[in-house]
Amino acid sequence: MLNLRVNIDPHSGFCFGVVYAIEMAEDILEEEGRLFCLGDIVHNDEEVKRLEKKGLKIINHDELGDIRDAKVLIRAHGEPPSTYSLAVDNNLELIDASCPVVLKLQNRIKNSFDKKETIYIYGKPGHAEVVGLLGQTNNQAVVFQDIAELDIPSLPRELTLYSQTTKSTDKFYEITRLLTEAGIRVNPNDTICRQVSNRDKELRDFARHFDKIVFVSGTKSSNGKVLYQVCKNTNPDTHFISNAAELEKQWFKPGDTVGICGATSTPMWLMESVRDELLTY
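Owing to the predicted nature of the structure, the values given are computational and were not obtained by experimental measurement.

(A) Highlighting the state of the cysteines. Taken as a whole and judged by the stated rule, the model has 0 disulfides. Here cysteine 37 stays free of any disulfide, with the sulfur of cysteine 15 as its closest cysteine sulfur at 14 Å. Residue classification places cysteine 37 among the buried positions, given a relative accessible area of 0%. Sulfur of cysteine 99: no disulfide; nearest cysteine sulfur belongs to cysteine 193 and is 6.1 Å away. Residue cysteine 99 is classed as buried on the basis of its relative accessible area of 10%.

If you want it as structure tokens, here you go:
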């Protein structure tokens, strides 16, 4: 026996937006045993599989066009206006679990667009949330992940800057500073969710207190990749896994202290299953 001392980070696990979406899905599945969901309800394969066993069916936007007279869940990431229009045409009942933080951001971007402001969005192109944000501008806003992608001399002299809710606050303000120093008048809108952005500092504090860190996340989670790197930078003995079956006993020495943490898309039950496996070593 390795006699590992294992602790789960109390701040890890679903953000409130994901909790809200999953609770809505479970309530309907319990009553009706079937529910369509537009895209993965959360970027965690293990949680998606759990809900699929209860009757959740994941569909994409192409498949949505073929569905009529049914209930469809909109996940926390939100959707563009075109999805709501299609729902009316196909007599779909949308169960809207869009995160309130995302909905507020969508409304702010729509107001800026209506005022004919030039909109730039700091976010990941193609990300579900960003697709919904772009939809508020008829896909006219510019999306970028890094300021290096922008040709600063050719940028408009005045622009309105928004951010995907799960991006880094430090990077957002650095981008604002660099654009301003380049002589661009920036109207910055810090629309980053603090429950997500504060995880950086919390994870650094957590990771430095253990011999080994096991970071649990789905491979599709952008947030998971960023937070794993935060842990790895703080504690080089950090290991990324998606479930308990991916643990390797040779990572640990007798008496090691092990911290388990995860992304905002990682369910607590999954981290608990990893803990239970480690305690058998």
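(B) Spotlight on the packing of helix 5 (residues 100-114) against helix 6 (residues 128-135). Viewed as axis vectors pointing N to C, helix 5 and helix 6 meet at an angle of 30°, and their least axial separation amounts to 8 Å. By the angle between their directions, the pair helix 5 and helix 6 is classed as roughly parallel. Relative to helix 6, helix 5 is oriented so that their crossing is right-handed. Of the residues in helix 6, those in contact with Val102, Leu105, Gln106 and Ile109 of helix 5 are Glu129, Gly132 and Leu133. When its residues are assigned to classes, the contact of helix 5 with helix 6 shows 4 nonpolar, 2 polar and 1 charged.

(C) Representation of the pairing of strand 6 (residues 119-122) in the model. Of the two faces of strand 6, the one holding Ile119 and Ile121 and the one holding Tyr120 and Tyr122 are both buried throughout. Alignment of strand 6 against strand 8 (residues 158-163), held across 4 bridges, turns out to be parallel. Directly across from isoleucine 121, in strand 8, lies its bridge partner tyrosine 162. In terms of handedness, the path from strand 6 via helix 6 over to strand 7 (residues 142-144) forms a crossover that is right-handed.

(D) Up close: the pairing of strand 2 (residues 35-38). Both faces of strand 2 are covered, namely the face carrying Leu35 and Cys37 and the face carrying Phe36 and Leu38. In this sheet, strand 3 (residues 56-59) lies alongside strand 2 in parallel orientation, the contact comprising 4 bridges. Its bridge partner being in strand 3, leucine 35 is matched across the sheet by leucine 56. In this fold, strand 2 hands off to helix 2 (residues 45-53), which returns the chain to strand 3; that crossover is right-handed. As paired elements, strand 2 and strand 4 (residues 71-74) share 3 bridges and run parallel to each other. For cysteine 37, the partnering residue across the bridge sits in strand 4 and is leucine 73.

(E) Structural detail: the sheet that holds strand 5 (residues 93-96). The sheet built from 4 strands is open, its strands ordered 3-2-4-5 with parallel pairing. For this open sheet the edge positions go to strand 3 and strand 5, each flanked by a neighbour on one side alone. Here the strands of the sheet are splayed against their neighbours by 35° on average, with no regard to which way each runs. Inspection of the sheet shows strand 4 paired to strand 5 by 4 bridges, in the parallel sense. Residue pairing for strand 5: valine 72 is matched across the bridge by leucine 94.

What counts and how
Residue positions within a chain follow its written sequence, with the count starting from 1. The predicted nature of this model means local features are confined to residues of pLDDT at least 70 and side-chain atom pairs, given and counted, to a pLDDT of 80 or more, with totals for whole chains, interfaces and linings taken over all residues. Side-chain numbers come from the whole structure's heavy atoms, not from hydrogens or water. In what follows, a disulfide is any cysteine sulfur pair within 2.5 Å. The classification of residues rests on relative accessible area computed with a 1.4 Å probe and restricted to protein chains. Under 20% of the type maximum is buried, over 50% is exposed, and intermediate values are partly exposed. Axes, fitted as lines to C-alpha atoms, cover a helix only where it is in contact. Angles between the N-to-C directions of the axes lie from 0 to 180 degrees. Helix and strand assignments come from DSSP, with helices taken as H or I runs of at least 4 residues and strands as E runs of at least 2, each series counted from the N terminus. When describing relative orientation, an angle under 35 degrees is termed roughly parallel and one over 145 degrees roughly antiparallel, while 65 to 115 degrees is termed roughly perpendicular and anything else oblique. By definition, any crossing whose near helix is turned counterclockwise from its far helix by less than a right angle is left-handed, and any crossing with a clockwise turn is right-handed. Contact between two residues is taken to exist if any of their heavy atoms lie within 4.5 Å; hydrogens are not considered. The classification used treats Ala, Val, Leu, Ile, Met, Phe, Trp, Tyr, Cys and Pro as nonpolar, Asp, Glu, Lys and Arg as charged, and all other residues, Gly among them, as polar. Between any two strands, at least two bridges found by DSSP are needed for them to pair. Throughout, right-handed denotes a crossover for which the path from the first strand over the helix to the second runs clockwise when the strands point away from the viewer.

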